[in-house]
Amino acid sequence: MQSINMPALTQEANNAVQLAEAGLKLLEEMKDQHYDSAGMFACLALAAEKLIKIAYGLGTHYETGEWPAKKIKAFSHKLDELEPKARRFITSHQATERNKR
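Residues numbered from 1 in each chain as written. Predicted model: local features only at pLDDT ≥ 70, side-chain atom pairs only at ≥ 80, totals over all residues. Heavy atoms only, no water.

### A look at the nonpolar core
With 8 residues, the main nonpolar core is built from Ile 52, Tyr 56, Ile 72, Phe 75, Leu 79, Leu 82, Ala 86 and Phe 89. Of all the secondary-structure elements, those providing two or more residues to this core are α2 (33–64), α3 (69–75) and α4 (79–100). Top contributing element to this core by residue count: α4, with 4 residues. With residues near it in sequence (within four places) discarded, Leu 82 still touches Ile 52, Lys 53, Tyr 56 and Phe 75. (Core = buried A, V, L, I, M, F, W, Y, C linked by side-chain atoms within 4.5 Å. Buried < 20%, exposed > 50% of the residue type's maximum accessible area, 1.4 Å probe, protein only. Helix = DSSP H or I, 4+ residues; strand = E, 2+ residues; numbered from the N terminus. Contact = heavy atoms within 4.5 Å.)

### A short note on the packing of aromatic side chains
All chains considered together, the criterion is met by 2 aromatic pairs. Taking 5.6 Å as the distance between ring centres and 80° as the angle between the ring planes, the aromatic pair formed by Tyr 56 and Phe 75 counts as edge-to-face. Of the two residues, Tyr 56 sits in helix α2 while Phe 75 sits in helix α3, which places them 19 residues apart along the sequence. Residue Tyr 56 shares its accessibility class with Phe 75, and that shared class is buried. Look at Tyr 56 and Phe 89: their rings are 5.8 Å apart centre to centre, the planes differ by 50°, and that puts the pair in the tilted class. Here the residue Tyr 56 occupies a position in helix α2, and Phe 89 occupies one in helix α4, the gap between them amounting to 33 residues. A relative accessible area of 9% places Phe 89 in the buried class. (Phe/Tyr/Trp six-rings, centres within 6.5 Å; stacked < 30°, edge-to-face > 60°.)

Here it is in structure tokens:
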């Protein structure tokens, strides 16, 4: 079993939080949607991308014991391919947790 590099994972999670916070701050300060929205959308999109990659990585690690660094990198920005895989891990884990109660 390959262990997770916790400092790197923590840093990625912190980066996602910082990007989300920056995006929300830009949203609050937005005066003109046409001119001011690009930075806000970029920050929120990158935050979401990081969270999806973290969810996929943790789900893969939970099922296989391996951290899928190469697979995550191969997805690049193809979230339309990665998101359903991450969602499958999340929903299957939720179902497992409900059955434990």
